[in-house]
Structure formats: C-alpha cells, structure tokens
Amino acid sequence: MALTQRLEFRQSQSLVMTPQLMQAIKLLQLSNLDLTTFVEEELERNPLLERASDEGPVGEAPAEAGQFSDSGDFGGSNGDEPGGGSGEAFEPGQEEWMSKDLGTRAEIEQTLDTGLDNVFSEEPAEAAARNAQDAAPTTYTEWGGGASGDEDYNLEAFVAAETTLSDHLAEQLSVAFTAPAQRMIGQYLIDLVDEAGYLPPDLGQAAERLGASQQEVEDVLAVLQKFDPPGVCARNLSECLAIQLRELDRYDPAMQALVEHLDLLAKRDIASLRKLCGVDDEDIADMIGEIRRLNPKPGMKFGSARLQTMVPDVYVRPGPDGGWHVELNSDTLPRVLVNQTYYSELSKKIGKDGDKSYFTDALQNATWLVRALDQRARTILKVATEIVRQQDGFFTHGVAHLRPLNLKAVADAIQMHESTVSRVTANKYMATNRGTFELKYFFTASIASADGGEAHSAEAVRHHIKQLIDSEEPSAILSDDTIVERLRASGIDIARRTVAKYREAMRIPSSVQRRRDKQSALGNVLSTALSDRSRNTEPA
C-alpha cells in the first residue's frame, strides 16, 4: 500500500474547558462565605473591578432624592430654585446684605459705637477652637474618642472579650506555683485542655517533651485538678466526677464504687450497682441523683471559639395567592462592576503593548466574573424554585409529605445537567416557614409503597418511625419487627434492617434499652410521688 499525502476537511463538535468555563463551574459550588472570599481576592487582583455601591455606577450622576420617594413632593430641584444648589437656604434680603459695602474702619466703628477690637477681640479660628473645646460632646462619636463620624456605628467594638478556659486556668497557675519549672509544666498541660475541660488520657509524651519526670507532671496535675471550675483537667469522666465529689466531701467508698462503674449506670443496671456499692434502693437512688447534679463538662461554661452563623441563600415565603414566593438573599450576593471609565482613560495613555495586553485581559476577566456571578444567582433561583414546586406538600403540611426526589427530576424540569444541579445544591441553604434546610435535604431516596401506590420519601419514613417510638408506652415498647408491621399497615414496604439503620442514624436506642430507660424513669417518678405523699401525711 502506497503512502500519499492529502488534504481533508472535517467538521466536529467538542467541549473545550476554557479557564472562564472552569471558573463559572467553580463559582456554582461555592458557599456564600467562600464566594465572598473569592470575590475579595479578585477585587485586589483586578484593577478594573470594583465593589458596587448604592451611589450608582462610576461616571453616573447620583440619583435625585425624589427618584426613590413615594410622592412627588420630595423631587430634586435645580440650582435656580430656592435651596436647590446647597444645603442652606438664603433668607430674604441675605444676598443683598452680603453684597453691601460696609465702608471704612472709622465708619464701621461710628456705626457700632465702639471699636472693632471690642467686637472681634480674637481671631475667628482661635475663638472657634476654644468654643469647640469648651462645649460638651453632643454625639456618640465625640464621647468615643476614637471613631470618626463617617464610620459606621459598630457595637461589637465595645463588647468585652469572653474569658476563655485557658485564660482562667493561667491566672490561677501564676498564683499556685512559684518555681519556673512547675509553671512551665502547668502551662503545657493547660494548653492540652480541650473546650470541655479534659486532658488527653496519656500524659507520658508530655513528660518526654518537657524533659521532666512522670512524677513531676503528676504532682503539677494534682494541683491543676484543684483549680476552678471543679472537675477541670480530668482525663476521663470518672475522674472528673470524682474531683467534684471530693470538692463536696461526698467521695466515700460507696460513691467511689459507683463512679468506677459508670457503664452499669448507663445501662440502668441498678441491681448490679446496688450490690457493688453495698447500699439499699433508697441510698442508690440518692447517689444517682447526686451524680446527675454534677457537671460532666466543666469547661463549657467559659468562652470558646465563636461559631459562624449559617446564612441562607434562598428565602421561601407564603404568597398572597396561596403559593410560595422564592427569592434570593441579596446580602449573600457580591455586587461588583467593571470600571469602564477607568479603562477608557487608561487606553488613551498606555503606549506599551504589554500594558495594553494586561489591561485587556483584566477587562475580559472582570466582565466574565460579573456575568458568571449573575448566571450563578439565576441558576440558584431556578433550581430553588423547582425544588419548592416539587416539594409543595412539605412546605404546606410538613415533613411527613416530603416526596422522593432526585437530581435528574430537577435537571430535566429546568433543562440542565445533573452535575450542574448537584453543584448548585452543594453548600446552599433555604430558609422556609418550617426552618432552614440545606438544598440537599430535599433530595431523598424512594421507598416503595406496600399497596403499589405512590412511593414514599426516606426522610418521611424516618419521621414516621420517630413518631411511633415517641408515642410508645413504657409497658409496650415497639421492637423493630413491630415497627415494620405498623409501617406496612400504613402502606410503606420496608425491611427490618432498614428500620434498624434509620433508628441508629437518629441515635435512638434499641427496644431493650428504651424499655429499661422508660421503666427506670417511671420508677423514679413513682418513688418521688410516694415520698411527697408520705411527707404530706405526716402529723404536724
């Protein structure tokens, strides 16, 4: 076969991932906080990109006051009308008086019947400064002594900082120890304390890193465990409770046995605890009551890291026609614009080709970012609107009416790809009349119906299981098999292992543990009632 050269024309379609397209895809899946950070970085990097303000676009005259008013009485006026050009209106005859010639110094003194030195005894600037210094402060910023009148009022600047657990322990450390070595060991241990007030179980590495003996670390730890709050610097729950009981002088041998067997207390094995402690029913009940009054996390009452409040991206409100009104949260949408005026001025003065290329790329990137942000907002609104339409029963009647929904159903309805819907629903939240939910919450698996009807949502089934368990009686605890029978009677075809999986996901204990807990709680209520009754029937 001979090898020849030839020219051919072929036409084909392919998707090329340009940097702009990759940036648009990245913006879709960013949360509002990450998006704000990204836009701030672009504002620092791109000189043609600037933050939009309420004063209107660059180069545009500020809007008149009457343009945003509800009536025409507050419309803007031109400079020819009274008060149109400045903030102060001229009184009648004021302009005539200002233009009048006052005459010479002798004529003025003769008119005033005194010398000018008596009228203007000091320079105007000195008098104004003295008056301003003697006058009492009239505004908040004058009293503040640091903020200018142009800055926004910031109440958080005057809030006292919360005392953290580490700071509280460090203050006590400086008083408890005088030796530098002991202070160093104590500060190292304080740095290991978590927010709940606990130390790691193994402190062997602390002695190695500090170059101290294990006994020295134990001696310092014994002092730290006497610090306020009681129970701090413990290595486990039993040690934390023991420290608090010693503080109350209630750590006797019976209480020690109870604290060392907290696992039996968690299982409600009162008979075994009573045997280990060597006490009767009344004493073991009092001891358990004392344990419950202790604080298992003593460090939580001090200031800790401030949690970031979740801000919704979409609001859903009831509409006047009985439907639902979906709108974006404008506070989470960065408002930026392209400074075309600045680019026009630069294009006239730039002579180097490299500079022209830089600013041309900057203009293209800024324009693309503005369009990408707008497209992102439109896509989020479109997806959220379709979710509300699909899950109308949830917003009207509650979680029991949540329908099965997947990404493909929403993508087909709005004519988008599933991957786009997946990116839009990631890290986005919706504020509704029933609370704030992540957009992913509304996408649930489908569970078949027992009678062949419409399928049920997995979230609705979980809600149904929780309702059945919450309404059970202490004498008739529902097992997983019983729950399956009741769900099938309600038209939900589900397996027992699925019920167990949903129950464990909601952190609901097994039927054996629930029976023990509810019977124990019922026994405590009955014993308290009998004790109150016997106290009321005693002779006065």
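The coordinates are above.
From a predicted model like this one, the values you see are computed outputs, not experimental measurements.

S.K.: How should I be thinking about the packing of helix H22 (residues 458-470) against helix H23 (residues 480-489) in this particular structure?
M.R.: The geometry of a pair of packed helices is captured by two quantities: the angle between their axes and the separation between those axes. One can describe the packing of H22 onto H23 by two numbers: an axis separation of 11 Å at closest approach and a directional angle of 120°. As summarised for this structure, H22 and H23 are arranged oblique, according to the angle between their axes. Note that H22 runs across H23; the crossing there is right-handed. On H23, the residues touching Val 461, His 464, Ile 465, Leu 468 and Ile 469 of H22 are Ile 483, Arg 486 and Leu 487.

S.K.: So what exactly am I meant to see when it comes to the sheet that holds strand E5 (residues 429-432) here?
M.R.: Sheets are built from strands paired through backbone hydrogen bonds, the pairs being either parallel or antiparallel. The 4 strands are arranged E3-E2-E5-E6 in an open sheet whose pairing can be described as mixed. At either margin of the open sheet sits one strand with a lone partner, and together these are strand E3 (324-328) and strand E6 (435-438). Here the average twist between neighbouring strands, direction ignored, is 20°. Bridging between strand E2 (residues 314-318) and E3 involves 5 bridges; their strand directions are antiparallel. If you follow Arg 317 over to E3, its bridge partner there is His 325.

S.K.: Is there a simple way to explain the packing of helix H17 (residues 340-349) against helix H18 (residues 353-390) in this structure?
M.R.: Their axes nearest at 11 Å, the elements H17 and H18 cross at an angle of 165°. Our classification of the angle between H17 and H18 gives roughly antiparallel. As for the relative orientation of H17 and H18, their crossing is left-handed in sense. The segment H17 lies against H18, with Gln 340, Tyr 343 and Leu 346 engaging Phe 359, Thr 360 and Leu 363. The residue makeup of the contact of H17 with H18, split by class, is 4 nonpolar, 2 polar and no charged.

S.K.: Mind showing me how you'd approach the pattern of salt bridges here?
M.R.: Opposite charge on two side chains permits pairing when their charged atoms draw close. Tallied over the full model, the rule gives 20 salt bridges. Two residues, Arg 389 and Glu 386, come together in a salt bridge whose shortest N-O distance is 2.6 Å. Of this pair, Arg 389 and Glu 386 both sit in helix H18, separated by 3 residues, roughly a single helical turn. Take Arg 389: its relative accessible area is 54%, and that puts it in the exposed class. By relative accessible area, which is 8% here, Glu 386 ends up buried.

S.K.: What is the right way to look at the nonpolar core in this model?
M.R.: For soluble globular proteins, the rule of thumb is that nonpolar side chains tend to be buried together. Core analysis: the biggest nonpolar cluster contains 26 residues, and Met 430 and Phe 442 have the highest contact counts within it. Every element with two or more residues in this core is listed here: E2, E3, H18, helix H19 (392-397), helix H20 (407-414) and helix H21 (418-425). The biggest single contributor to this core is H18, with 6 residues. Core analysis: the next-biggest nonpolar cluster, separate from the first, contains 22 residues, Ile 190, Ala 212, Leu 224 and Phe 227 among them.

Thresholds, definitions, all that
- Residues numbered from 1 in each chain as written.
- Predicted model: local features only at pLDDT ≥ 70, side-chain atom pairs only at ≥ 80, totals over all residues.
- Heavy atoms only, no water.
- Axes fitted to C-alpha atoms, helices over the stretch in contact; angles between N-to-C directions.
- Helix = DSSP H or I, 4+ residues; strand = E, 2+ residues; numbered from the N terminus.
- Parallel < 35°, antiparallel > 145°, perpendicular 65-115°, else oblique.
- Left-handed = near helix turned anticlockwise from the far one by under 90°.
- Contact = heavy atoms within 4.5 Å.
- Pairing = 2+ DSSP bridges.
- Nonpolar A, V, L, I, M, F, W, Y, C, P; charged D, E, K, R; others polar.
- Salt bridge = Lys/Arg side-chain N within 4 Å of Asp/Glu carboxyl O.
- Buried < 20%, exposed > 50% of the residue type's maximum accessible area, 1.4 Å probe, protein only.
- Core = buried A, V, L, I, M, F, W, Y, C linked by side-chain atoms within 4.5 Å.

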